[in-house]
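# Results of the structural survey
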Amino acid sequence: METTLKTSKKRTGPVLFSNYQQADGIKKAIELGRENILLELKNSGLKGRGGAGFSTATKWMLSAAANAEKKFIVCNADEGEPGTFKDRVLLLEYPELVFDGMVIAGFTIGAKKGIVYLRGEYEYMLPSLEGFLNKMKEENLLGKNILEKEGFDFDINIRLGSGAYVCGEETALIESLEGYRGEPRNRPPFPVNTGYLGYPTVVNNVETLASIPHIIYKGGEWFKKNGTDKSKGSKLFSVSGDCGKPGVYELQWGTKISELLEIVEAKNCKAVQVGGASGVCLPKSQFNRSLAYEDAATGGSIIIFDESRNMLKILKNFMEFFVEESCGQCTPCRVGNTKLLEGVDNIGKGEYTFSYINNLKELGKTMQAASKCGLGQSSPNSFISILDNFKEEIFYSNRKGIKNVKE
Amino acid sequence: MSKSENIRIPVSQQALIVEKPIDITAIGGTVTIQINEKKVSVPFGTTILDACKENQIHIPTLCHHPDLCIAGVCRICVVEVEGLRTLQTSCSFPVTSPIKIHTSTEKVRKARRHIIDLLLSEHYGECYSCFRNENCELQSLAKEYGVDGYSFGHILEPKYKVDKSSAAVIRDMNKCILCKRCVRTCIDLQEVGVLEAIKRGHDTHVGTFLDKPLADVICINCGQCINRCPTAALRANDPSDEIWNAIDDPKKHVVIQTAPSPRAAIGEEFGIEPGHSFTGELNTALRRIGFDKVFDTNFTADLTIMEEGTELIRRLKKVVVEKDSSVKLPQFTSCSPGWIKFIEHFYPEYLDYLSSAKSPQQMFGAVIKTFYAKESKIDPADIITVALMPCAAKKFECNRPEMNASGFKDVDYGLTTREMAKMIREAGIHLPEMPKSNFDEPFGNASGAGLIFGATGGVMEAALRTVYELVTGREVPFENLRIEPCRGFEGIKQAYIKLDNCVESYNFLEGVELKFIVAHGTANAKKVMEMLQRGELRDVHFVEIMACPGGCLGGGGQPIPTSEEIRRKRAQAIYEEEEGLPVRKSHENVHIKYIYENFLTDGPCGELSHKLLHTHYTKRGKYIS
Amino acid sequence: MLVVEKNNLSYEIERMVKEYGSDRQSLLQILQAIQKKYKHISDFAQQEIARLMNIHPVEVYSVISFYSFLSTEPKGRNIVRLCKTIACDMAGKDAVETAVKRELGISFGETTNDQRISLEYTNCLGMCDEGPAMLINEKVYTHLDPEMAVNILNEIK
Ligand SMILES: Cc1cc2nc3c(=O)[nH]c(=O)nc-3n(C[C@H](O)[C@H](O)[C@H](O)COP(=O)(O)O)c2cc1C
Ligand code: SF4
Ligand code: SF4
Ligand code: SF4
Ligand code: SF4
Ligand code: FES
Ligand code: FES
């Protein structure tokens with residue numbers, strides 16, 4: 001059925017899904033002033049929710065300190081990691097959080113322009129999002145002298161992607177915005193200094209931005225009460241795969257995998273993929289690990305596999321994804337992923353030696369170390385973790401009773 | 001050509017913009033870093049690669065090229081920087097803080113080895129049947145890292161069809177390692193824009209517009225991409241087998257003309273440092289190979305000066321005296337076939353500005369198959385003319401349908417320096433050991449003016465020496481005839497020379513400041529054309545343009561590798577050779593006088609000249625159907 | 001292509017370049033707009049864009065070929081993109097795929113003879129909790145089963 005843009009279901013959660021009245025954050029931000037916003041943010045300990053987990057306060061401070069005639073705020077809504085859909089929920093149901101977050105970001109670093117890079121697959125959201133932005137303009141939450149604050153100008157544009165996962169990588173995203181192929185840039189320099197059109201640019205994930213109004217309005221202290229020592233706040237988890245209740249959940253950082261499995265009613269669970277195709281695949285023995293930056297880190301994707309799944313087929317699906325979605329500019333990733341996929345095929349055919357498998361794993365480590373961007377640096381994660389954690393099944397079992405994913 | 005100012009760089013590849021710390025004097029503008037165990041001081045913002053090079057630490061590179069902007073895609077140059085989780089590419093990493101670098105840890109060596117393994121696994125080609133054998137960056141790396149097998153398999157079938165459509169450049173993407181040096185050459189350095197990366201992921205390849213054959217797109221055949229390709233994925237269209245056949249055929253009279261630039265560079269193919277000319281040795285070698293006559297292209301370079309100089313004076317006269325507004329000034333030189341194709345594609349409405357004089361190569365072909373054939377009583381049908389050129393575009397030029405003024409194909413084959421070196425080696429000759437010998441008559445010794453055609457500014461310098469003297473009756477007022485404003489590798493040079501005390505027949509030029517521009521590389525040509533479009537060249541009279549960076553000595557057929565340093569040395573070799581020559585002005589070349597007295601009797605730009613030595617151009621435009 | 005059509009297309013492109021601007025950063029938006037309207041970006045259109053934006057045609061082609069949603073070859077009036085990534089795969093994408101192929105008589109990567117539908121695969125659509133999922137043009141359809149998918153396809157024009 002065609003998906004309805006549902007707003008009816010009221011979600012609840014400790015931070016993001018807690019109560020928020022549009023514009024409250026912006027008003028508070030004006031009251032606080034730039035320095036105090038940055039302090040509040042620093043105190044909250046917020047880290048990026050897009051995967052890399054970089055401190056948001058630091059990112060903002062660096063670009064606030066940069067001296068330039070223009071600056072940009074970019075909302076990374078390219079959500080393409082397999083198994084991730086929390087940004088979809090935020091954009092459809094909580095646009096006020098995301099956009100207020102952008103306005104506050106603009107105010108803080110001195111940017112007058114915000115751009116939402118919306119993945120092409122989400123084009124169906126465009127009318128509602130644009131409608132929402134227009135409403136904000138009418139209410140003077142966007143435009144010139146926002147909320148009567150002299151010189152506080154900020155506008156938001158939405159730009160569409162065109163079907164390329166790698167454009168979620170922040171520098172590839174900027175290239176794409178500039179009209180080029182989505183090929184990640186060399187770093188340094190970093191976008192906070194040299195970003196969109198060469199100007200200082202803050203790229204933040206949708207969820208990161210959506211946390212901002214809460215933090216500003218309710219305080220860093222309040223935010224910090226949630227989560228663990230090193231992972232403050234809560235996290236949205238996109239849960240899919242073999243479970244009774246797939247969907248988006250807001251949980252405390254530090255939640256154990258086993259607890260999450262219970263919440264989503266997963267039965268006969270054999271493996272959990274944490275962090276999407278670029279993440280790692282954990283076996284039962286590690287279900288007591290907690291979801292947090294310091295332990296099982298994730299941008300929010302949780303895919304659950306029950307006992308009937310064939311891990312090798314799953315791995316093949318992941319590797320095919322990377323072979324297609326690599327931007328193809330750097331050697332380790334362009335050729336490396338092909339070699340890993342070939343390896344998976346060879347294992348499937350039984351044509352392998354263990355020294356070959358070890359070679360491939362070593363290659364994986366090189367890819368993690370020497371690839372140009374996060375895609376190639378993380379694509380071997382599934383390969384290595386699945387082959388390590390599911391050795392028995394892949395190399396030793398006679399595969400009886402294992403249902404293939406593809407017939 | 002200095003890269004910083006002259007190259008249009010896509011933001012993705014722009015040189016790193018590094019913010020200097022506020023008080024740079026506090027640290028003297030330098031940073032002290034540690035490379036392996038050694039502490040060294042380097043200027044702020046230096047790349048790790050350069051810092052290592054300065055300190056004699058070798059780091060392998062593939063996608064890096066001194067003429068081009070940074071790409072950071074091959075990843076072979078990775079090093080470990082303490083405190084950073086991943087390896088860093090030294091070619092792209094600017095030193096801005098006191099970092100500690102390790103260039104040869106286990107992790108680094110393993111990564112490099114893996115990268116080579118990966119490239120080889122996809123590389124369809126066999127070194128022993130490859131023209132880059134022993135001069136291939138991929139091959140040397142494989143050797144350096146002791147590769148003795150394929151760890152990750154090896155491609156068994158070619159993935160791409162070899163594109164042999166172009167008269168000049170052959171593309172075999174099965175040997176491509178996707179370093180994108182050709183892309184950066186074509187788009188940034190030359191601003192022609194033929195090649196780009198197409199598709200993504202594992203399907204990525206370097207291709208043309210709609211993946212059309214090279215002959216069907218706007219390639220100007222400059223061959224600069226070949227010179228910067230680390231492998232044999234790009235090579236010139238080599239006619240040497242056909243030339244061997246002609247040499248072996250007793251009925252054929254095979255004549256070769258050699259241009260100055262190959263002579264100044266061919267030594268590099270035999271392991272000699274750049275910067276030495278082998279003109280005399282080459283003459284001997286060519287005779288031993290079996291060429292019947294060895295001529296000097298400089299002869300027709302002198303002829304070009306006479307024709308082009310006369311044309312310029314005529315244009316000046318029409319403009320200054322007759323106020324004829326249909327005559328176009330400035331006059332643009334026409335001896336670089338890459339430039340000709342560039343203007344035909346990109347500025348077809350400006351073809352009238354081009355001198356109608358053919359290039360020296362083509363003039364020679366026409367002269368050989370007419371004048372020489374007559375003088376030496378050989379049927380032109382039996383003459384095969386070969387041109388040893390630094391240039392890939394010459395291959396296209398000699399195949400232009402209009403280039404048959406003699407009634408035959410004026411020049412049968414354009415041969416590059418690299419291909420010539422191969423033929424010499426094939427004949428079992430080690431060039432540097434050859435005794436010296438002279439060129440053959442009747443075109444024997446040419447003037448030095450023709451010789452300096454090889455360097456950017458050379459045509460202008462040669463033309464000025466003749467035009468100035470013709471008009472004023474005096475030598476150009478420069479010490480030892482060195483017209484310095486024409487020399488050097490600046491992208492666009494601009495100067496003037498005042499014509500005063502003119503001889504009587506030229507007194508209509510009295511007091512005229514002859515303004516000229518010299519540009520090399522088509523990126524600079526584009527800038528000059530844009531100036532012309534904006535009307536900024538109204539008071540300029542003469543423009544020399546060479547399609548290749550550095551002029552012919554940096555041509556697409558020259559020995560690989562190339563860099564500004566190498567090009568400078570070649571230029572130096574040419575200028576040194578020319579100072580030693582007895583005759584250094586085209587109009588003083590006795591053979592030139594002879595040909596005008598006995599063959600082209602109606603003089604420069606006369607009727608016969610027009611038929612044999614001048615040509616017309618084609619409006620090609622950019623549209624590709 | 002007919003001359004008349006070429007001219008119309010030229011006007012259209014000129015209009016778009018005016019609307020979005022001729023700076024490089026407008027390129028993707030212009031390409032998207034043309035893709036949407038004409039279901040592909042013809043070689044003529046690519047060169048017109050290149051001319052008006054003062055870039056090389058091969059750069060335009062290079063960009064198009066990078067992005068999955070842009071194409072140089074004509075596509076059907078409706079583009080159906082079935083997600084083949086892991087969650088949808090596990091949720092029964094294969095059955096949907098087979099049914100759709102059988103019903104339309106074409107494979108993925110092909111277009112029906114009447115130009116009504118082009119079938120393509122795509123990677124994760126961000127609907128993993130509601131898989132199998134597919135996009136038809138910009139609309140997303142989820143919780144598919146073979147019968148339902150076929151019914152949806154039969155309804156589109
Ligand atoms: C291949 C790849 C894809 C990515 N995709 C996304 C994405 O879809 N959304 C996102 O927010 N970040 C994505 N990232 C992370 C971004 O590069 C960047 O770290 C993030 O947008 C920063 O925002 P944050 O600090 O708010 O997390 C991706 C990274 C890589 C390497
Ligand atoms: S790691 Fe992959 S996606 Fe990233 S730059 Fe390299 S090839 Fe492109
Ligand atoms: S390109 Fe280099 S590595 Fe490849 S076959 Fe030729 S010499 Fe060998
Ligand atoms: S020969 Fe010159 S114009 Fe042709 S592709 Fe190579 S660099 Fe470009
Ligand atoms: S053709 Fe040569 S220069 Fe161009 S990308 Fe391939 S290997 Fe590099
Ligand atoms: S030489 Fe540095 S990445 Fe290629
Ligand atoms: S896997 Fe199909 S929508 Fe995510």
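Just so we're clear, the structure is a prediction, and the values are computed from it rather than from any experiment.

Regarding its fold elements, chain A presents 16 helices and nine strands. A globule of 407 residues ought to have a C-alpha radius of gyration of about 22 Å, and chain A, at 22 Å, matches this closely. Taken along its principal axes, the extent of the C-alpha atoms in chain A is 70 × 45 × 40 Å. With 407 residues in all, chain A has 66% of them scored as buried. Excluding contacts between residues fewer than 6 apart, the proportion of contacts in chain A whose partners are at least 24 apart in sequence is 71%. Taken as a whole, chain A presents about 14100 Å² of accessible surface, with 48% of it coming from carbon and sulfur. Taken as two groups, the 52 positive and 50 negative side-chain charges of chain A have centres that lie 3 Å from each other.

Right, let's get into helix α9 (residues 279–289) of chain B. All names here are of chain B. In terms of burial, α9 is a largely internal element, nine of the 11 residues being buried. Burial in α9 covers these residues: Thr-279, Gly-280, Glu-281, Leu-282, Asn-283, Thr-284, Ala-285, Leu-286 and Ile-289. Gly-290, located one to two residues past α9, shows a positive phi value of around 125°.

Residue and element names in this part refer to chain A. With parallel pairing, the four strands of this open sheet are ordered in space as β3-β2-β1-β4. Of all the strands in the sheet, the pair left with one neighbour each is β3 (155–160) and β4 (201–205). Sheet twist, expressed as the average angle between the axes of neighbouring strands with direction ignored, equals 20°. Relative to β4, strand β1 (residues 72–77) is paired through five bridges, and the arrangement is parallel. Within β4, the residue paired with Phe-72 across the bridge is Thr-201. In the packing of helix α5 (residues 95–109) onto the sheet, the strands contacted are β1, β2 (113–118), β3 and β4, and the crossing angle to β1 comes to about 150°. Where helix α7 (residues 170–177) meets the sheet, it contacts β1, β2, β3 and β4, and its direction lies at approximately 100° from that of β2.

Residue and element names in this part refer to chain A. Two numbers describe how helix α1 (residues 24–32) lies on α5: the axes approach to 9 Å, and their chain directions differ by 15°. In terms of orientation, α1 lies roughly parallel with respect to α5. Remark: the crossing between α1 and α5 carries right-handed chirality. Contacts between α1 and α5 involve Gly-25, Ile-26, Ala-29 and Ile-30 on the former and, on the latter, Asp-100, Val-103, Ile-104 and Phe-107. Its residues assigned to classes, the contact of α1 with α5 comprises six nonpolar, one polar and one charged.

Residues and elements named next belong to chain B. Along its sequence, chain B is organised into domain 1 (24–104), domain 2 (116–236), domain 3 (251–299 + 361–433) and domain 4 (304–357 + 446–613). The straight-line distance from the C-alpha centre of domain 3 to that of domain 4 is 23 Å. Every contact between the two is made by 37 residues of domain 3 and, on the other side, 37 residues of domain 4. Interface area, domain 3 with domain 4, both sides summed: about 2900 Å², of which 63% is carbon and sulfur. For the pair domain 3 and domain 4, the number of links is two salt bridges. As a salt-bridge pair, Arg-400 and Glu-344 come within 2.9 Å of each other at their nearest N and O atoms. For the interface between domain 3 and domain 4, the tally reads 16 residue pairs in polar contact (both at pLDDT 80 or more). Elements with a minimum of two residues in the side of domain 3 that touches domain 4: α8 (260–269), α10 (298–320), α12 (360–376), α13 (393–398) and α14 (417–426).

Okay, the interface of chain A and chain C next. The interface is formed by 55 residues belonging to chain A together with 41 residues belonging to chain C. Counting across the chain A and chain C interface gives four salt bridges. We note a salt bridge from C:Asp129 to A:Arg88, for which the minimum N-O separation is 3.1 Å. Summed over the shared surface of chain A and chain C, the result is 25 residue pairs in polar contact (both at pLDDT 80 or more). For the side of chain A that touches chain C, the element with the highest residue contribution is helix α11 (residues 311–325) of chain A, accounting for six residues.

Attention shifts here to the environment of B:Gly45. All names here are of chain B. With respect to the element layout, Gly-45 can be found in the loop between β2 (38–43) and α2 (48–54). Residue Gly-45 is classed as partly exposed on the basis of its relative accessible area of 27%. With 48 residues separating them along the chain, Gly-45 and Phe-93 place their C-alpha atoms 8.5 Å apart. Beyond its immediate chain neighbours, meaning those up to four positions away, Gly-45 contacts Pro-94 and Val-95.

Turning our eyes to something else, we now look at the interface of chain B and chain A. The partner chain A presents 42 residues to the 42 residues of chain B that form the contact. Three residues stand out in chain B for area buried against chain A, namely B:Leu118, B:Phe152 and B:Arg200, and they jointly supply 19% of the buried area on that side. Between chain B and chain A we count three salt bridges in total. One can count 19 residue pairs in polar contact (both at pLDDT 80 or more) joining chain B with chain A. Contributions of two or more residues to the side of chain B that touches chain A are made by α3 (106–121) and β7 (196–198) of chain B. Ranked by the residues each element gives to the side of chain B that touches chain A, the list is headed by α3(B), at eight residues. Counted by class, the side of chain B that touches chain A contains 21 nonpolar, 11 polar and 10 charged residues.

Within helix α4 (residues 86–93) of chain A, eight of the eight residues are buried, which leaves it mostly tucked inside the rest of the structure. Listed as buried for α4(A) are A:Lys86, A:Asp87, A:Arg88, A:Val89, A:Leu90, A:Leu91, A:Leu92 and A:Glu93.

All names here are of chain A. On domain assignment, one finds that chain A holds domain 1 (24–224), domain 2 (234–306) and domain 3 (311–395). For domain 1 versus domain 2, the separation of C-alpha centres amounts to 27 Å. Each side of the interface is counted separately: domain 1 has 15 residues, and domain 2 has 18 residues. Buried surface at the junction of domain 1 and domain 2, both sides included, amounts to about 1200 Å², of which 57% is carbon and sulfur. When the buried area of domain 1 at its contact with domain 2 is split by residue, Arg-49, Phe-85 and Lys-86 rank highest and sum to 38% of it.

Neighbouring residues of ligand 5: 14 residues in total, closest B:Cys176, B:Cys179, B:Lys180, B:Cys182 and B:Cys229. For the shell around ligand 5, a count of residues per class yields 11 nonpolar, one polar and two charged.

What follows deals with the pattern of salt bridges. Following the criterion strictly, the structure yields 75 salt bridges over all chains and no others. One salt bridge connects A:Lys316 with A:Asp345, and the closest N-O pair in it is separated by 2.8 Å. One end of the pair, A:Lys316, is in helix α11; the other, A:Asp345, is in helix α12 (residues 331–349), with 29 residues separating them in the sequence. Under the relative-accessibility criterion, A:Asp345 is labelled partly exposed at 29%. Between B:Glu106 and B:Lys110 there is a salt bridge whose closest N-O contact spans 3.4 Å. With B:Glu106 and B:Lys110 both in helix α3 and four residues apart, the pair spans about one turn of that helix.

Looking now at the nonpolar core. Residues A:Phe305, A:Met311, A:Phe383, A:Ile394, C:Leu31 and C:Ile49 are the most contacted members of the largest nonpolar core, which totals 78 residues. Among the elements that take part in this core, α11(A) stands out by supplying nine residues, more than any other. Filtering out sequence-adjacent residues up to four positions away, A:Phe305 remains in contact with A:Asp242, A:Asn268, A:Cys269, A:Lys270, A:Ala271, A:Gln273, A:Cys281, A:Met311, A:Ile314, A:Phe318, C:Ile86 and C:Met90. Counting 71 residues, the second largest nonpolar core, distinct from the first, contains A:Phe85, A:Tyr124, A:Ala210 and C:Cys124.

This brings us to the sheet that holds strand β5 (residues 100–102) of chain B. All names here are of chain B. Here five strands make up an open sheet; going across it, the order is β2-β1-β5-β3-β4 and the pairing mixed. Looking at which strands have only one partner, the edges of the open sheet turn out to be β2 and β4 (88–89). Two strands pair when backbone bridges link them, and strand β3 (residues 78–81) and β4 are joined in this way by two bridges, in the antiparallel orientation. When the sheet's bridge partners are listed, Val-78 is paired in β4 with Thr-89. The strands that α3 touches are β3 and β5; relative to β3, the one it contacts most, it runs at about 160°.

What counts and what doesn't
Residues numbered from 1 in each chain as written. Chains lettered and ligands numbered in written order. Predicted model: local features only at pLDDT ≥ 70, side-chain atom pairs only at ≥ 80, totals over all residues. Heavy atoms only, no water. Helix = DSSP H or I, 4+ residues; strand = E, 2+ residues; numbered from the N terminus. Rg over C-alpha atoms; globule rule 2.2 N^0.38 Å. Buried < 20%, exposed > 50% of the residue type's maximum accessible area, 1.4 Å probe, protein only. Contact = heavy atoms within 4.5 Å. Areas by Shrake-Rupley, 256 points an atom, 1.4 Å probe, with all protein chains shown as cover. Lys, Arg positive; Asp, Glu negative; His and termini not counted. Charge placed at Lys NZ, Arg CZ, Asp CG, Glu CD. Pairing = 2+ DSSP bridges. Axes fitted to C-alpha atoms, helices over the stretch in contact; angles between N-to-C directions. Parallel < 35°, antiparallel > 145°, perpendicular 65-115°, else oblique. Left-handed = near helix turned anticlockwise from the far one by under 90°. Nonpolar A, V, L, I, M, F, W, Y, C, P; charged D, E, K, R; others polar. Domains from an automatic or database assignment. Buried area = accessible area lost by both parts, 1.4 Å probe. Salt bridge = Lys/Arg side-chain N within 4 Å of Asp/Glu carboxyl O. Polar contact = N/O pair within 3.5 Å; in protein donor to acceptor, adjacent residues only side chain to side chain. Near = heavy atom within 4 Å. Core = buried A, V, L, I, M, F, W, Y, C linked by side-chain atoms within 4.5 Å.

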